[in-house]
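The lines below spell out each chain.
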Amino acid sequence: MIIYNSLEEFNSIKHNLPKLSFVPTMGNLHEGHASLIDIAKKTGNEVVSTIYVNSLQFNDKNDFINYPKTLDTDIELLGKKGCNHLILPDSSILDNIKSIKAPIKSMKLCGAHRPGHFDGVLTILNRLFEIINPHSVVFGKKDYQQFLLVKDFIDEKKLNINIIGANTIRNNNGLALSSRNILLTEKDKLIASTLYKTLKDIEKNKTYLNSEYLKTKLDYLKSSGFKVDYLMSCDTESLEESYNINNNDLLIAVAAHLGSVRLIDNLVISKL
Ligand code: AMP
């Protein structure tokens, strides 16, 4: 694996490279990230990954400062997985960067609780796409809203990029792997797995899906120790609140704080 310590370094050699599949990350890599590299490898292209903790997408300064950093083990994992190129952008990535305003869909779900978050995500990705010029990109559907906004961005800008969504990798208790899980105690991890259990429970009872039913699940999460940002049932494309499970698949999405750690998860449940 070749490591580049800035975007400029990569930019100066990229004309020699074949088609690329790109996996953007913020580091502290786990099996979820590893699965994205596997998917990228399957495209047959060379794989390029980035590790960059994007200050523009953090609206909570402490969350940014405390974001776990494990560069040595990240490099080891990417190398083992057969990643071909790793870019470690330095702060010059922000020089003269073009700000992107995310569309209205970005104001729902996580965006309603993290103002400017998706503007920051799309601003950095736009820069990375310009420099890397990938043929394919792989994003995890754990960050469903992010996946959707990037897909829409690629469509709207008519970028010649194939976007691939990857299923969420979980631990044995169903907890979605996340870099922030490292900040949870073992006891908290058990409580955190209630999020996925709740989503599965909602799926099991989908014939009863309505706002009152969801409210009982929300109350249950609160009584389990979460401070819940949202638990919502919505259209999988528009992200508008919806309970119309007769005609459409629905996205059940949740974001909740356990102590100082914010967790998200979701499940797409199929129509009746
Ligand atoms: P992050 O490093 O958190 O910015 O995540 C980088 C990419 O990994 C994003 O596309 C995430 O959606 C994806 N990702 C994070 N956690 C998981 C997981 N548990 N399973 C699959 N993909 C994941």
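Look above for the structure.
Residues numbered from 1 in each chain as written. Predicted model: local features only at pLDDT ≥ 70, side-chain atom pairs only at ≥ 80, totals over all residues. Heavy atoms only, no water.

Chemist: Requested: an account of the pattern of salt bridges, with residues and values cited.
Modeler: If you walk through the whole model with that rule in mind, you get 15 salt bridges. Residues Lys80 and Glu76 are paired through a salt bridge, measuring 3.7 Å at the closest nitrogen-oxygen approach. Highlighted residues: Lys80 and Glu76, both in helix α4 (residues 71–80), separated by four residues, approximately one helical turn. Note that Glu130 is salt-bridged to Arg127, the shortest N-O span being 3.7 Å. Here Arg127 and Glu130 lie together in helix α6 (residues 117–132), a separation of three residues that amounts to about one turn. One continuous salt-bridge network, built from bridges that share partners, spans Asp201, Lys204 and Lys217. (Salt bridge = Lys/Arg side-chain N within 4 Å of Asp/Glu carboxyl O. Helix = DSSP H or I, 4+ residues; strand = E, 2+ residues; numbered from the N terminus.)

Chemist: Can you explain unusual backbone geometry? Please cite residues and give values.
Modeler: Residue Leu109 is not a glycine yet carries a positive backbone phi of 40°. If you check the backbone angles, Lys158 has positive phi at about 50° while not being a glycine. Since its relative accessible area comes to 72%, Lys158 is described here as exposed. (Buried < 20%, exposed > 50% of the residue type's maximum accessible area, 1.4 Å probe, protein only.)

Chemist: How would you explain the sheet that holds strand β7 (residues 227–235) if you had to name every residue and give the values?
Modeler: As a general point, the strands of a sheet are linked pairwise by backbone hydrogen bonds and lie either parallel or antiparallel. The strand order across the open sheet built from three strands is β7-β8-β9, with neighbouring strands paired in antiparallel fashion. Whereas interior strands pair on both sides, the edge strands pair on one side only; in this sheet they are β7 and β9 (261–269). Between one strand axis and the next, the sheet turns through 10° on average, direction left out of account. As paired elements, strand β8 (residues 250–258) and β9 share nine bridges and run antiparallel to each other. Bridge assignment links Val254 to a residue of β9, and that residue is Asp265. Helix-sheet contacts for helix α9 (residues 194–204) involve β7, β8 and β9, and the interaxial angle to β9 is about 20°. (Pairing = 2+ DSSP bridges. Axes fitted to C-alpha atoms, helices over the stretch in contact; angles between N-to-C directions. Contact = heavy atoms within 4.5 Å.)

Chemist: Describe the site of the ligand, with residues and values.
Modeler: What surrounds the ligand is a group of 16 residues, the closest being His33, Gly140, Asp143, Ile169 and Leu177. Within the side chain of His33, a nitrogen or oxygen atom sits 2.9 Å from an oxygen atom of the ligand. Within the backbone of Leu177, an N or O atom sits 2.8 Å from a nitrogen atom of the ligand. When isolated, the ligand has an accessible area of 490 Å², and the protein chains bury 93% of it. Mapped onto the shell around the ligand, the elements with two or more residues apiece are β2 (20–25), α2 (31–42) and β5 (136–140). The residue makeup of the shell around the ligand, split by class, is seven nonpolar, seven polar and two charged. (Near = heavy atom within 4 Å. Polar contact = N/O pair within 3.5 Å; in protein donor to acceptor, adjacent residues only side chain to side chain. Areas by Shrake-Rupley, 256 points an atom, 1.4 Å probe, with all protein chains shown as cover. Nonpolar A, V, L, I, M, F, W, Y, C, P; charged D, E, K, R; others polar.)

Chemist: Account for the packing of α6 against helix α7 (residues 144–156), naming residues and giving values.
Modeler: At a closest axis distance of 11 Å, the pairing of α6 and α7 adopts a crossing angle of 50°. Classified by the angle their axes make, α6 and α7 are oblique. The two elements α6 and α7 cross, and the hand of that crossing is right-handed. Contact residues: α6 offers Phe118, Val121, Leu122, Leu125, Asn126 and Phe129, while α7 offers Gln145, Gln146, Leu149, Val150, Phe153 and Ile154. In terms of residue class, the contact of α6 with α7 is made up of nine nonpolar, three polar and no charged. (Parallel < 35°, antiparallel > 145°, perpendicular 65-115°, else oblique. Left-handed = near helix turned anticlockwise from the far one by under 90°.)

Chemist: Now, about the packing of α9 against helix α10 (residues 211–223): what can you tell me, with residues and values included?
Modeler: Two elements in contact, α9 and α10, have axes separated by 11 Å at closest approach and are oriented at 165°. Judged on the interaxial angle alone, α10 and α9 are roughly antiparallel. The two elements α9 and α10 meet at a crossing, and its hand is right-handed. In contact with Thr194, Leu195, Thr198, Asp201 and Ile202 of α9, α10 contributes Tyr213, Leu214, Lys217, Tyr220 and Leu221. For the contact of α9 with α10, a count of residues per class yields six nonpolar, two polar and two charged.

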